[in-house]
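The lines below spell out each chain.
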Amino acid sequence: MEDNKSRVVIMGCESYDDNLVYEKLKTAIDLLGGIETFVSKADKILLKPNLLRAKKPELATTTHPAVFEAMIRILKEAGMSDLAYGDSPGFGSPAGVARESGLTEIADKHKVPMLDFTHGQTVDFYLGLVKKRFEIATGVLESDAIISLAKMKTHGLTRITGAVKNQFGCVYGLNKGTSHACYPDPLSFSKMLVDLNRYLSPKLRLFIMDGIMAMEGNGPASGKAVPMKVLLVSDDPVALDATFARMINLEPSFVPTNVFGEEMELGNYSFDRIELLGDPIDQFFNADFDVVREPAEEKKTSGLGSLSSLRGLLVRKPVVDKDKCIGCGICEESCPLEKKAIKMVDRKRRRYPLYYYNRCIRCYCCQEMCPEGAISVKTPLLGKLIVYK
Ligand code: SF4
Ligand code: SF4
């Protein structure tokens, strides 16, 4: 082990065959010293998968049940029996999302209960840089240790959703929407995420990223499933996300949680501070992975200040494909603003959403929650020419 470096294990895994995933994950964790390095038999251990919304496992929106089961087996074989799981979905109930994603069946088989993620408490975090108070789910507060089971995906706001972002589900219910409204741009939202991880860090022990099937394009819920055939494991969520970024030819500094994560001493994203173990990263390099390879827009548009109309012509925005839209209204429901920036309207015997871009804070909750993948995030032509040239 090289001194002062974060270690990330890259472990190729061809498929979701149960035994293969178990063997690969166990080998990866053993390279970091074994599961006993991170949790003990006395710990009440929370497995925190990504349960964004109710989707079948093959759509690569949620953590795959094979990864969830492999982690349970590894823990139980090491004598760690006080296990539970849970997440606060972006849409739908935790139980409903877990059922659809295939996790309930595995949890029932191994007698792993789901903890309460619909209620919680407000906690103070005086060390927070941008947020000093969080609404944390009861299930998280009741646990001693968290093993974060993230999914390898793109994200409209933060470029990727990975090991750092996965902890957003530790905030219960509608409080997640409020955070979007309070931290509307990618930079402040990312600082909030880093604060949340810093608050949780005494409990956060290990981060696993399920990249056997990843999601590219219109993530984190409506993108395309793509085989990356890899599991990433680390006790540093920033280093893990930076490794994912490198694999897909995305400059790691374009992911704001990487930059702030290192600045705020959550972890390391600089290449010279990360030691890679396991399989060579080149084997998984995917330069064509469909992800936004641009810096966070606020960096380049912040100088526009009060010229909000000009800003509207430059920065990325959510756009509806009316052919795909079924008029369900979930996008309007998901908008965290008191004065909604998206409203359902009835026109020509059809119901579809209309945007008020002057109000829109570009949190992309509507894009994330649309069940039909009808909303995507697009850069206006002028923005492409001027801001991202
Ligand atoms: S959530 Fe999607 S499908 Fe539903 S109304 Fe909005 S755009 Fe249409
Ligand atoms: S319209 Fe969509 S992107 Fe804009 S503020 Fe509402 S949810 Fe966020």
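Cut-offs used in this document
- Residues numbered from 1 in each chain as written.
- Chains lettered and ligands numbered in written order.
- Predicted model: local features only at pLDDT ≥ 70, side-chain atom pairs only at ≥ 80, totals over all residues.
- Heavy atoms only, no water.
- UniProt positions renumbered as here; feature names shortened; annotations may be inferred.
- Near = heavy atom within 4 Å.
- Nonpolar A, V, L, I, M, F, W, Y, C, P; charged D, E, K, R; others polar.
- Helix = DSSP H or I, 4+ residues; strand = E, 2+ residues; numbered from the N terminus.
- Buried < 20%, exposed > 50% of the residue type's maximum accessible area, 1.4 Å probe, protein only.
- Phe/Tyr/Trp six-rings, centres within 6.5 Å; stacked < 30°, edge-to-face > 60°.
- Lys NZ or Arg CZ within 6 Å of the ring centre and 35° of its normal.
- Domains from an automatic or database assignment.
- Buried area = accessible area lost by both parts, 1.4 Å probe.
- Polar contact = N/O pair within 3.5 Å; in protein donor to acceptor, adjacent residues only side chain to side chain.
- Disulfide = S-S within 2.5 Å.
- Patch = residues over 30% accessible without salt bridge, like charges linked within 9 Å, V, L, I, M, F, W, Y side chains within 5 Å.
- Areas by Shrake-Rupley, 256 points an atom, 1.4 Å probe, with all protein chains shown as cover.
- Salt bridge = Lys/Arg side-chain N within 4 Å of Asp/Glu carboxyl O.
- Lys, Arg positive; Asp, Glu negative; His and termini not counted.
- Charge placed at Lys NZ, Arg CZ, Asp CG, Glu CD.
- Contact = heavy atoms within 4.5 Å.
- Arc of directions from axis to C-beta.

As recorded in an unreviewed UniProt entry, the protein goes by Ferredoxin and comes from Acetobacterium bakii. The UniProt entry for the protein carries the following text under Function (unreviewed entry): "Ferredoxins are iron-sulfur proteins that transfer electrons in a wide variety of metabolic reactions."

A word on the site of ligand 1. Near ligand 1 you find 13 residues, and of these Cys-325, Cys-328, Gly-329, Cys-331 and Cys-370 are the closest. Across the shell around ligand 1, the residue classes break down as ten nonpolar, two polar and one charged.

Looking now at the site of ligand 2. In the vicinity of ligand 2, 14 residues are found, and the nearest of them are Cys-335, Cys-360, Cys-363, Tyr-364 and Cys-366. Looking at the shell around ligand 2 residue by residue, the class counts come to 13 nonpolar, no polar and one charged.

So, on to the environment of Cys-328. Mapping Cys-328 onto the fold places it in the loop between β11 (317-320) and α12 (330-334). By relative accessible area, which is 37% here, Cys-328 ends up partly exposed. The spacing of Cys-328 and Leu-196 is 132 residues in sequence and 32 Å in space, taken between C-alpha atoms.

To continue, consider unusual backbone geometry. Residue Pro-220 follows Gly-219 across a cis peptide bond; omega there is 15 degrees. Along the chain, Pro-220 turns up in the loop between β8 (204-216) and β9 (224-234). Look at Ala-60: it is not a glycine, yet its phi comes out positive at around 65 degrees. Within the secondary structure, Ala-60 is located in the loop between β2 (45-49) and α2 (65-77). Exposure remark for Ala-60: the relative accessible area of 1% places this residue in the buried category. If you check the backbone angles, Asn-249 has positive phi at about 60 degrees while not being a glycine.

With that settled, the discussion passes to the packing of aromatic side chains. Tallying each qualifying case throughout the model produces seven aromatic pairs. Within the aromatic cluster, the residues linked to one another by ring pairs are Phe-125, Phe-134 and Tyr-199. Against the face of Phe-134 rests Lys-131, its NZ or CZ located 5.4 Å from the ring centre. The lysine or arginine in question, Arg-359, covers the ring of Tyr-356, its NZ or CZ lying 4.6 Å from the ring centre.

Another point: the domain arrangement of the protein. For the protein, the domain assignment lists domain 1 (6-284) and domain 2 (297-386). Each of domain 1 and domain 2 has a C-alpha centre, and the two are 27 Å apart. Counting the surface lost from both domain 1 and domain 2, the interface buries some 1,700 Å², and carbon and sulfur atoms represent 56% of this. On the domain 1 side of the contact with domain 2, Arg-53, Phe-91 and Asn-218 bury the most area, a combined 26% of that side's loss. Inspection of the region where domain 1 meets domain 2 yields six residue pairs in polar contact (both at pLDDT 80 or more). For the side of domain 1 that touches domain 2, the secondary-structure elements that each account for two or more residues are α6 (175-182) and α7 (186-200). Of the residues forming the side of domain 1 that touches domain 2, the biggest block, three residues, is contributed by α6.

Here the focus is the side chain of His-64. Turning to its location among the elements, His-64 is positioned in the loop between β2 and α2. Classification of His-64 by relative accessible area gives buried; the value is 14%.

To continue, consider the state of the cysteines. Counted by the stated rule, this structure contains zero disulfides. In this model Cys-365 remains outside any disulfide bridge; the closest cysteine sulfur is found in Cys-363, 3.5 Å from its own.

To continue, consider the environment of Lys-26. Topologically, Lys-26 is positioned in helix α1 (residues 18-31). As for Lys-26 and Leu-75, which are separated by 49 residues in sequence, their C-alpha atoms are 9.8 Å apart.

With that settled, the discussion passes to a positive patch on the surface. A contiguous patch of positive charge, built from Lys-322, Arg-347, Lys-348 and Arg-350, is present on the exposed surface. Positionally, Arg-347 belongs in strand β12 (residues 342-347). Relative accessible area serves as the criterion here: at 42%, Arg-347 is assigned to the partly exposed category.

Looking at where Glu-135 falls in the secondary structure, it is placed in strand β5 (residues 133-137). Notably, Glu-135 is buried but unbridged: the nearest opposite-charge side chain belongs to Lys-131, and the N-O separation is 4.1 Å. Other than its neighbours up to four places away in sequence, Glu-135 contacts Gln-121, Thr-122, Cys-170, Val-171, Tyr-172 and Asn-175.

Turning our attention to α6. What α6 keeps buried is the set Lys-176, Ser-179 and His-180. Burial along α6 is one-sided: seen end-on, the buried residues are contained in an arc of 100 degrees. Summarising the contacts, the buried residues of α6 are in contact with α7 and α13 (365-369).

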